[in-house]
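Chain and residue survey
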Amino acid sequence: MEDLLNKLNEQNELTKIEIVYFLQHLTLELQKRLFHLAVETRKKHYNESVYLRGLIEFSNYCKQDCMYCGLRRSNPEVDRYRLTEEEILECAAEGYNLGYRSFVLQSGEDFRYTEELMVRIVKSLKARFPDAAITLSMGERSEAFYRALYAAGTDRYLLRHETASRSLYESLHPGMSFDNRMNCLRILKDIGYQVGAGFMVGLPEQTHEHLAEDLLFLKEFHPAMIGIGPFIPHSATPLKDTAGGTIEDTLVMIALARLFVPDALMPATTAMGTLDPTGREQALSAGANVVMPNLSPLRFREKYELYENKICTGDQASQCRNCIEMRIMASGYQIELSRGDNCNFISTPEKEQLL
Ligand code: SAM
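Residues numbered from 1 in each chain as written. Predicted model: local features only at pLDDT ≥ 70, side-chain atom pairs only at ≥ 80, totals over all residues. Heavy atoms only, no water.

Moving on: the packing of helix 8 (residues 178-191) against helix 9 (residues 208-221). Look at helix 8 against helix 9: their axes get within 12 Å of each other, and the N-to-C directions meet at 25 degrees. By the criterion of interaxial angle, the relationship of helix 8 to helix 9 is roughly parallel. You can see that helix 8 and helix 9 cross each other, and the crossing is right-handed. Here M182, L185, R186 and K189 of helix 8 come into contact with helix 9, specifically with F217, E220 and F221. (Axes fitted to C-alpha atoms, helices over the stretch in contact; angles between N-to-C directions. Helix = DSSP H or I, 4+ residues; strand = E, 2+ residues; numbered from the N terminus. Parallel < 35°, antiparallel > 145°, perpendicular 65-115°, else oblique. Left-handed = near helix turned anticlockwise from the far one by under 90°. Contact = heavy atoms within 4.5 Å.)

Encoded structure:
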């Protein structure tokens, strides 16, 4: 096992068989070493910085029916909402005044937000906040849509692959295509976006082999951002009686992903904070380096319920910022409110400043 950890640390890769063996035989002692190496690896690229992104959840309408997600179209209990263009701009303005220079606009797959509307929104955001980075996370769209939004000024796109196993993917996403998701990711990367991929840990029927495939996919695809979170069962979905993921298993996958893709930006996800009050801090101590406080209007927060008991649904944007900042600094990190680009996407002088 020591050999495997050394190989991973030095070469940033393992074979599928080695990953599975590693996951099967991981002891607490080795886990500690793994987290330490992940943190050291992150430091080489991003120092002690933790990047803040203001999250705006602008619509909870979704045309998809993912088995795990509380927003799935077959869940009649969801009180659906959409933010107007003005409301989105107001959220961003509030965030900008709080110091954020990076915004993530996330929604279900809601085609009411047409290419024309999204281009207008992104252009307005860029005109008002030219020094801020804009990330979109609104699911699978056409190549033409992705190109138009990139041309409008969008910097990044988050589209988790969810699981790199075709069979597991198909069992969880009725009516969706594994090939199309992967194709969207490749198109986004070709266009020039900083692309975020990622997966859930603890999905029903997910095995160590599946998780090994996720890591190998990340290695090959080399995304700029990697989002890994525990699956949390939602009571209004078909997976309501399943066990869900644990903090511990997710931390191990975060640390492994950091070692497989050393220069990725990796969020300490809200799902981690939901499973454990210190979940996000623990994720930072396993190699994550991004936190995404919520800027969505308070009256809609509880309605964007991917899973239940989601944290921070009652805090004003300013309270969120203070709380997060305290937690990050107490863990010994440094808050970064700048655009927070992936280190392969920034110019050399900026890079030198970072390190
Ligand atoms: N619709 C967009 C998409 O498909 O990429 C973005 C929004 S989607 C709700 C954001 C992410 O939430 C998904 O990629 C999924 O990994 C995560 N998610 C959904 N349901 C979840 C659950 N029950 N537990 C943990 N994460 C969940």
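Below, the discussion takes up the UniProt feature "binding site: [4Fe-4S] cluster" (unreviewed entry) in the protein. Following the UniProt record, one finds the feature "binding site: [4Fe-4S] cluster" (unreviewed entry) at C62, C66 and C69. Taking the relative accessible area as the measure of exposure, C66 reaches 12% and is therefore buried. Excluding residues within four positions of it along the chain, C66 makes contact with R72, L172, H173 and M176. Along the chain, the position of C69 falls in the loop between strand 2 (54-59) and helix 4 (85-98). Under the relative-accessibility criterion, C69 is labelled buried at 16%. Discounting residues that sit within four places of it in the chain, C69 has contacts with T237 and L306. (UniProt positions renumbered as here; feature names shortened; annotations may be inferred. Buried < 20%, exposed > 50% of the residue type's maximum accessible area, 1.4 Å probe, protein only.)

It is worth spelling out the side chain of N289 at this point. Within the element layout of this structure, N289 appears in the loop between helix 12 (279-284) and strand 8 (290-291). Since its relative accessible area comes to 0%, N289 is described here as buried. In this structure the side chain of N289 is engaged in a polar contact, spanning 3.3 Å, whose partner is the side chain of R258. (Polar contact = N/O pair within 3.5 Å; in protein donor to acceptor, adjacent residues only side chain to side chain.)

Counted according to the given criterion, the structure contains 23 salt bridges. Close ionic contact of K16 with E213 constitutes a salt bridge, the shortest N to O distance being 2.9 Å. Of this pair, K16 sits in helix 2 (residues 16-25) while E213 sits in helix 9, and the two are 197 residues apart along the sequence. When its relative accessible area of 32% is taken as the criterion, K16 is described as partly exposed. For E213, a relative accessible area of 24% gives the class partly exposed. Ionic pairing is found between R339 and D155, a salt bridge with its closest N-O pair at 3.1 Å. (Salt bridge = Lys/Arg side-chain N within 4 Å of Asp/Glu carboxyl O.)

This next bit is on the sheet that holds strand 9 (residues 334-336). Here 3 strands make up an open sheet; going across it, the order is 8-1-9 and the pairing parallel. Looking at strand neighbours, the two that pair on one side only are strand 8 and strand 9, the edges of this open sheet. Most of the contacts of helix 14 (residues 317-330) go to strand 1 (residues 49-52), to which it runs at about 165 degrees, and overall it touches strand 1, strand 8 and strand 9. (Pairing = 2+ DSSP bridges.)

Looking now at the site of the ligand. Residues in contact with the ligand amount to 18 residues; listed here are only the nearest, Y68, S107, R160, E162 and I232. Here a nitrogen atom of the ligand sits 3.4 Å away from a polar atom, N or O, in the main chain of L306. Burial of the ligand by the protein chains amounts to 91% of its free accessible area of 560 Å². When the residues that make up the shell around the ligand are grouped by side-chain class, the tally is 10 nonpolar, 5 polar and 3 charged. (Near = heavy atom within 4 Å. Areas by Shrake-Rupley, 256 points an atom, 1.4 Å probe, with all protein chains shown as cover. Nonpolar A, V, L, I, M, F, W, Y, C, P; charged D, E, K, R; others polar.)

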